[in-house]
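# Survey of secondary and tertiary structure
Each chain, written out:
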Amino acid sequence: KSLFTGFIALAALTMTSCPNAENMVSIPQGNAIEFGTYVGRDAQTRASVFETADMQTAGFGVYAYYTAQSTWADYTSKNTPNFMNNTKVTWNSGTSKWEYTPVKYWPNNPNDKVSFFAYAPWQENTGSSNITLNAGAASLDFKVPSDVTKQTDLTWSSSEHMDETKQSISGQVDFLFRHALARIDFTLQAAVDQIPAGGTIAEGTTITLKKIVLGTEGTNGFYTGGTLDLTKANATWFGSS
């Protein structure tokens, strides 16, 4: 048997919250903003191989908007995250804390609000990146690379952290990351008609798989690109192609 895996479908899965790891930090002293994470998984269907250990290695990205007295719904300048723009948060095994630079602090005015959105694994926003912020809203444009070896998983924070103030946060901003993609596995087994009943294939025989068709021949049965809404608790895609 040969096993082939690929993140080739932008099929949104409804996940149950079943954290398999928890990295908590102590309640911060002062007004510095600190983060904690959970990685959720479906109880029956693993959406991907991306786990907490992978996140600790790759880091996660944070977009944050300072909206002053406005709520997120009423905030009209969403084109550019003005507080944290794809800030990379990484795990420090020595201090057992998620860290980033430069450190951001809660606004001095207790009524001023900050809205946080996060995704993982972190990617630098370049022309070659397959994960980029969609200007004008808290959403990510995602593309599935045609090269299977370069395909990546995608998780996003399904915890809603809009209109947060220091008074509303107990110690840190906790992100619950869920999988936004579906993984399809293939298990292939050869049935060779030329082998007599009860016979076996000769040792060293090579069988070459030339093609796997998903959907209809000549068409792509799955989405290879779309935009993920970071404000939704369930995976919500739009503009898929």
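Residues numbered from 1 in each chain as written. Predicted model: local features only at pLDDT ≥ 70, side-chain atom pairs only at ≥ 80, totals over all residues. Heavy atoms only, no water.

### With respect to the nonpolar core
- Counting 22 residues, the largest nonpolar core has F35, F60, V62, F116 and F175 as the members making the most contacts within it.
- Looking at this core, the elements with two or more residues in it are β3 (35–39), β4 (60–68), β5 (84–92), β7 (113–120) and β12 (173–179).
- When neighbours within four sequence positions are excluded, F175 is seen to be in contact with F35, G36, T37, Y38, F60, V62, F116, A118, S157, S159 and H161.
- With 20 residues, the next largest nonpolar core counts Y75, Y119, L133 and L181 among its residues. (Core = buried A, V, L, I, M, F, W, Y, C linked by side-chain atoms within 4.5 Å. Buried < 20%, exposed > 50% of the residue type's maximum accessible area, 1.4 Å probe, protein only. Helix = DSSP H or I, 4+ residues; strand = E, 2+ residues; numbered from the N terminus. Contact = heavy atoms within 4.5 Å.)

### Looking at the packing of aromatic side chains
- Applying the stated criterion across every chain, the model contains 16 aromatic pairs.
- On the basis of an interplanar angle of 80 degrees and a centroid distance of 6.1 Å, the ring pair of Y65 and F117 is categorised as edge-to-face. Here Y65, found in strand β4, pairs with F117, found in strand β7; they are 52 residues apart in sequence, far enough to count as distant. In this pair, the class of Y65 matches that of F117, namely buried.
- Ring plane angle 55 degrees and centroid distance 5.0 Å describe the contact between W72 and F117, whose orientation is recorded as tilted. (Phe/Tyr/Trp six-rings, centres within 6.5 Å; stacked < 30°, edge-to-face > 60°.)

### Thoughts on the pairing of β12
- Burial analysis of β12 places six of its seven residues in the buried class, which makes it a mostly covered element.
- Relative to β12, strand β10 (residues 155–157) is paired through three bridges, and the arrangement is antiparallel. The partner of W156 across the bridge, within β12, is R178. (Pairing = 2+ DSSP bridges.)

### Quick look at the confidence of the model for the protein
- Predicted confidence across the protein gives a mean pLDDT of 78, with 78% of residues reaching 70 or more.
- Of all secondary-structure elements in the protein, the lowest mean pLDDT belongs to strand β1 (residues 2–9), at 34, while β4 reaches the highest, 95.
- Every residue in residues 1–29 scores below 50 in pLDDT, and together they form 110 contacts with partners more than four places removed in sequence or on other chains.
- Between residues 42–48, whose pLDDT stays under 50, and residues either more than four places distant or in other chains, the model counts 18 contacts. (pLDDT = per-residue confidence, 0-100.)

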